[in-house]
Amino acid sequence: MKNSKIVAAMAAASMAVSMLSMMASAAEVEDMFEDANGDGSEWVITDFDTFFENPEAVVVVTYTDSNDNWGDIGVGFSVDNGWKSWAATNPAGEDATVEFTVADIIENAAIEDTSSATFGKIEGYNGCVISSVVFKTPDDEPVDEPVDEPVDEPVDEPVDVVPTDAETTDGETDTTGDQDTTDAETTGVGDVNGDGKINVTDVSKVAAHVKGVKALTTDEQDRADVNGDGKVNVTDVSLLAAHVKNVKKLAVKAN
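Rules used throughout
- Residues numbered from 1 in each chain as written.
- Predicted model: local features only at pLDDT ≥ 70, side-chain atom pairs only at ≥ 80, totals over all residues.
- Heavy atoms only, no water.
- Helix = DSSP H or I, 4+ residues; strand = E, 2+ residues; numbered from the N terminus.
- Buried < 20%, exposed > 50% of the residue type's maximum accessible area, 1.4 Å probe, protein only.
- Contact = heavy atoms within 4.5 Å.
- Areas by Shrake-Rupley, 256 points an atom, 1.4 Å probe, with all protein chains shown as cover.
- Pairing = 2+ DSSP bridges.
- Axes fitted to C-alpha atoms, helices over the stretch in contact; angles between N-to-C directions.
- Salt bridge = Lys/Arg side-chain N within 4 Å of Asp/Glu carboxyl O.
- pLDDT = per-residue confidence, 0-100.

Asks: Describe in detail the overall build of the protein chain, supporting the description with residues and values.
Replies: Summing up its helical and strand segments, the protein chain has 7 helices and 10 strands in all. Counting only residues that meet the buried cut, the protein chain has 37% of its 255 residues in that class. Excluding contacts between residues fewer than 6 apart, the proportion of contacts in the protein chain whose partners are at least 24 apart in sequence is 71%. Here the protein chain has roughly 14400 Å² of accessible surface; of this, 48% comes from carbon and sulfur atoms.

Asks: Could you give me a rundown of the sheet that holds strand 7 (residues 117-124), with the residues and numbers involved?
Replies: Strands sit in the order 1-2-7-4-5 across an open sheet of 5 strands; the sheet is antiparallel. With one partner strand each, in any of the chains shown, strand 1 (33-35) and strand 5 (82-88) form the two edges of the open sheet. Across the sheet, the axes of successive neighbouring strands diverge by a mean angle of 20 degrees, strand direction being ignored. Sheet analysis places strand 4 (residues 73-79) next to strand 7, joined by 7 bridges and oriented antiparallel. If you follow Val79 over to strand 7, its bridge partner there is Ala117.

Asks: Quick one: what's the story with the pattern of salt bridges, residue by residue and with numbers?
Replies: Applying the stated criterion across every chain, the model contains 4 salt bridges. Note that Glu42 and Lys121 form a salt bridge whose closest N and O atoms lie 3.1 Å from each other. Of this pair, Glu42 sits in strand 2 (residues 42-45) while Lys121 sits in strand 7, and the two are 79 residues apart along the sequence. Of the residues examined, Lys121 reaches a relative accessible area of 12% and is grouped as buried. Across the pair Glu123 and Lys121 runs a salt bridge whose closest N-O atoms are separated by 3.3 Å. When sorted by exposure, Glu123 lands in the same class as Lys121, which is buried. A single network of salt bridges, built from pairs that share partners, joins Glu42, Lys121 and Glu123.

Asks: How would you summarise the confidence of the model for the protein chain if you had to cite specific residues and measurements?
Replies: Taken over all residues, the pLDDT of the protein chain has a mean of 74, while the share at 70 or more is 66%. With pLDDT under 50 throughout, residues 5-27 is counted as low confidence; its partners more than four residues away or in other chains account for 41 contacts. In the model, residues 140-147 has pLDDT below 50 throughout and makes 20 contacts with residues more than four positions away in sequence or in other chains.

Below you can see the structure in the form of structure tokens.
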């Protein structure tokens, strides 16, 4: 009986790894930029709401530039009847690419109130011709899978399992444990970004934290520690993913 529970837990963890693999597939946001002049000199932003609501999104610019000037790609916005701009770094090259996050653009162009922006564009200077501008949201960015975790190895030998609150050593059910358990949805645990939902976005944020890509804030770490062991690691990623896939719902101890 105990072995079957261990195998089931490993299957859930394996599904979590598969879920992270699915999240790594890119699905570019179409029509975010339009080639205004048809010659690659000026690419206009068409959807300000989506653009500014995704500060972690990546803008990928493909260009050809024979000059090695440091600022042949410019980003500009009309904001509060003024103009905010940034000359981005790009080396010379043919069909070369540079990438910027939306947060980089906002910071370097010194845009204080994104809601006041009425026009925005990316353009090439000094003979720099831009062939494409692609917008990728955070969920499209690859998330490294947890490694060196033998989650799918079969268990051949009986393993002694420390009984949980809901299980006693003689196989009887401890009903008091159930009374102390609260649905995670009502406590905020697992809702890492605090949007009132537990979904793939939360899994992605915890996975990025575990791999050192982007650290969570203190409050986010508290909500990401779904098993309550005081650490945020691959175990929390697996538990969150299993919850999102409806394999095993999260439950936390009520205070």
